[in-house]
Each structure stands twice: as C-alpha cells, then as structure tokens.
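What follows is the residue order along each chain.
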Amino acid sequence: MRKLSVLFAILFTAIIYGQKSVDDYKYVIVPEKYEFSKEKNQYQVNALTKFLLEKYGFSTVMKSAEKPAELQNNNCLALEADVQNNSGLFVTKMVLQLKDCYGNVIYESKEGRSREKEYKSAYHEALRDAFTSLEDLDYSYNEDPIVEQASNKQVEKQPKAVAATEVSNAVENEVEVVEENEMDTEDSIVATSSEKFFVKDNSVYFLKENESGFGFYQKGMSEPFAMLIKSDGSDNFIYNSLTKQGIAYFAEDGSIVVEIFDRQSNKTVKTVYKLQD
C-alpha cells in the first residue's frame, strides 16, 4: 500500500508538470558537454548557450557549478538546456531544447541553420539563429507563492549560496574554470557523507543526508545525480533525477533499490546498488 501511495503521488506530479511552461521555471542548467560533442565546451557552444540564454532573460547555472540553495533543495525549479545537432552534409542545423527535471521537453526552438564550412563559425551561426525563437517567447519567471515560500524556508536554514549570475564574470572562460575545480571537492563531500558505500557496475556510490532526504552521489563527482526524497513517513523515498523519477527504498541487507516505470516497455525496471562490505 505504501508503494502504491508513492506511485499515485508521482502520477499526480506528472499531471501537474504536464501543464508547465518555461515561465514556471526560475533557472536553466547548462551542461558542459552535449551528446554530439567530443569534449567539454567544444567550439565554445556550451558557453555560447549560457550567454544567449542570459541575453533573453534566463538565470543560468553551469551543471557542475555551485547552485543556489533553493535549487539544491528543489532541482525541479530549473530546466536543463540541450542542443540537438541535426546537421547534414552541406547545412549545419541546431535546435535548442529546454527539459524539465523529469526529462520532458518544455520548449523547443526552431531549427537554426548555417552554411558556413568552418565548424565553430557554423555552430555559432546556427545556434544564434535557433535562439531567435526566444524573442517571441518573451520569458518572464512566473513566481509560484506556495513553491517560493517552501523554498525560502529551506534557504534560511542553509549557508548563503553563490547567485546564478555570479558563477562567472567571463562566459568564454567559464567552462575551463569548472573543469579545473569540479573534482577538487571529492574529499570534503566524502567526509560529510555517510560511511556506507554502494556498488553497481564497478562504480562506487554514497548518500549525503539533507533536510529532504538524501543526495545520491557517484564517488568522484561533486554534484548528486539524484535525490532520495522522504515520502509520507514510510520507509520509501521518491527517487528524482534530471531524467527519471520513481521510488527507492533500502533492502533488508542495506542495499538501495530503485524502481523506475519504463513507459516504452510498460514495465518497472529495478536497479540495485549493493551495500559494500
């Protein structure tokens, strides 16, 4: 029954988020690397994405940079930017997508195009062309008083975070700074986490407790890849990552079990993070 109540809560949340628009989100998270890229910020496409989003009124945060406290407590306050490369042999084609914390596409730009032959020039021209769609979007954050009050209460209990607009003063150098610093915090994170470690596919994971539940970290990474959020006073947690949502709970042997409903196969996929002896 407890699992069913959590699943109903998840379905209800999904219905609410299906009605969202970009104005309902306070931040946009920009990754350091897109799927079509071979390296971080290749051809400065990611830095340009951040610059253009801010040009059209969005507050942005690089994915591995320190986030505002309210965003740390609720990553669903942010959309994540993604750029699709649909280029052909003679024409570079790029599309901007903004996705919510469940991986749903909330906004998709027109297909920006360029016939430039040099990669950097072509990517920049096509991306700028795609971003012209945002002129008609006229983004303005639509503050939800209920959500804001809850977030502000959490923020008061946390140390003051770096403002999104203060992450970097130089857009072109931003990603390079992140690359140098993103792995330096591993020791401090491990020191404040639980002493229990979990193993899956030869990778090591650990939990860091917070007011809403736990942050779920892979060892060596400075940011959690998922949150385990306390639910209805039971032993179950809502599992929430940028792309998936489901339930999580501790097995009798202490291992973490995550259950995600896969809509394509219409089945529940179970993943076990084995408690390390």
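Going by the structure above, here's the rest.
The structure reproduced in this document is the subject of the present report. All of these numbers come straight from a predicted model, not from anything done at the bench.

Reading the values: rules and limits
- Residues numbered from 1 in each chain as written.
- Predicted model: local features only at pLDDT ≥ 70, side-chain atom pairs only at ≥ 80, totals over all residues.
- Heavy atoms only, no water.
- Helix = DSSP H or I, 4+ residues; strand = E, 2+ residues; numbered from the N terminus.
- Buried < 20%, exposed > 50% of the residue type's maximum accessible area, 1.4 Å probe, protein only.
- Contact = heavy atoms within 4.5 Å.
- Areas by Shrake-Rupley, 256 points an atom, 1.4 Å probe, with all protein chains shown as cover.
- Axes fitted to C-alpha atoms, helices over the stretch in contact; angles between N-to-C directions.
- Parallel < 35°, antiparallel > 145°, perpendicular 65-115°, else oblique.
- Left-handed = near helix turned anticlockwise from the far one by under 90°.
- Nonpolar A, V, L, I, M, F, W, Y, C, P; charged D, E, K, R; others polar.
- Expected span 1.5 Å × (residues − 1).
- Polar contact = N/O pair within 3.5 Å; in protein donor to acceptor, adjacent residues only side chain to side chain.
- Pairing = 2+ DSSP bridges.
- Core = buried A, V, L, I, M, F, W, Y, C linked by side-chain atoms within 4.5 Å.
- Salt bridge = Lys/Arg side-chain N within 4 Å of Asp/Glu carboxyl O.

1. Re the overall build of the chain
Step number 1: A tally of helices and strands in the chain yields 8 helices and 14 strands.
Step number 2: Looking at the chain as a whole, 42% of its 277 residues qualify as buried.
Step number 3: Across the chain, the fraction of contacts at a sequence separation of at least 24, relative to all contacts at a separation of at least 6, is 51%.
Step number 4: On the chain, roughly 15700 Å² of surface is accessible, and the fraction owed to carbon and sulfur atoms is 48%.

2. Thoughts on the packing of helix α2 (residues 45-55) against helix α4 (residues 119-131)
Packed helices, taken two at a time, are described by the angle between their axes plus the distance between the axes.
Step number 1: It is the contact of α2 with α4, at a shortest axis distance of 11 Å, that shows an interaxial angle of 25 degrees. It follows from the interaxial angle that α2 and α4 lie roughly parallel. Classified by chirality, the crossing of α4 by α2 is right-handed. When α2 is examined against α4, the residues Val 45, Leu 48, Thr 49, Leu 52 and Leu 53 are found in contact with a partner set consisting of Tyr 123, His 124, Leu 127, Arg 128 and Phe 131.
Step number 2: For the contact of α2 with α4, the residue count by class is 7 nonpolar, 2 polar and 1 charged.

3. Here's the deal with α4
Step number 1: For α4, built from 13 residues, the straight-helix expectation of 18 Å at 1.5 Å per residue is met to within 8% by its first-to-last C-alpha distance of 18 Å.
Step number 2: Looking at α4, one finds that the buried residues are Ala 122, Tyr 123, His 124, Ala 126, Leu 127, Ala 130 and Phe 131.
Step number 3: Taken together, the buried residues of α4 touch α2, β3 (78-85), β4 (92-99), β6 (112-114) and α5 (134-137).
Step number 4: Regarding α4, its N-cap is Glu 118, as a side-chain oxygen of that residue lies 3.3 Å from the backbone nitrogen of Lys 120 further along.

4. Here we look at the pairing of strand β14 (residues 267-275)
Step number 1: Where strand β7 (residues 197-200) lies against β14, 2 bridges are found, and the strand directions are antiparallel. Bridge assignment links Val 199 to a residue of β14, and that residue is Lys 274.
Step number 2: In terms of strand pairing, strand β13 (residues 256-262) meets β14 through 7 bridges, oriented antiparallel. In the strand pairing of β14, Ile 260 is matched with Val 269.

5. Notes on the environment of Ser 21
Step number 1: By the secondary structure assignment, Ser 21 is in the loop between α1 (2-17) and β1 (27-30).
Step number 2: With relative accessibility at 33%, the residue Ser 21 sits in the partly exposed group.
Step number 3: Separated by 120 residues in the primary sequence, Ser 21 and Tyr 141 place their C-alpha atoms 9.9 Å from one another.

6. Concerning the nonpolar core
A general feature of soluble globular proteins is that nonpolar side chains tend to end up buried together.
Step number 1: Formed by 32 residues in total, the largest nonpolar core has its most connected members in Leu 53, Phe 58, Leu 98, Leu 127, Phe 131 and Leu 134.
Step number 2: Here Leu 98 is in contact with Val 22, Val 28, Leu 53, Phe 58, Leu 79, Glu 80, Ala 81, Asn 104, Val 105, Ile 106 and Tyr 107, once residues within four sequence places are set aside.

7. Notes on the sheet that holds strand β9 (residues 213-218)
Step number 1: Spatially, 8 strands are ordered β7-β8-β9-β10-β11-β12-β13-β14 in a closed barrel, and the strand pairing comes out antiparallel. Ignoring strand direction, the axes of neighbouring strands in this sheet form an average angle of 30 degrees.

8. Brief notes about the environment of Phe 36
Step number 1: With respect to the helices and strands, the residue Phe 36 is situated in the loop between β1 and α2.
Step number 2: Residue classification places Phe 36 among the partly exposed residues on the basis of a relative accessible area of 26%.
Step number 3: Separated by 50 residues in the primary sequence, Phe 36 and Asn 86 have C-alpha atoms spaced 9.7 Å apart.

9. Concerning the pattern of salt bridges
Step number 1: Summed over the entire model, instances satisfying the criterion amount to 9 salt bridges.
Step number 2: Between Lys 26 and Glu 70 there is a salt bridge, with the nearest N and O atoms lying 2.9 Å from each other. With a gap of 44 residues between them, Lys 26 in the loop between α1 and β1 and Glu 70 in helix α3 (residues 69-73) connect regions that are remote in the sequence.
Step number 3: In this structure, the salt-bridge partner of Lys 110 is Asp 129, at a minimum N-O distance of 3.0 Å. Residue Lys 110 is located in the loop between β5 (105-108) and β6, and its partner Asp 129 is located in helix α4; the two are separated by 19 residues in the primary sequence.
Step number 4: Note on Asp 129: relative accessible area 24%, which makes it partly exposed.

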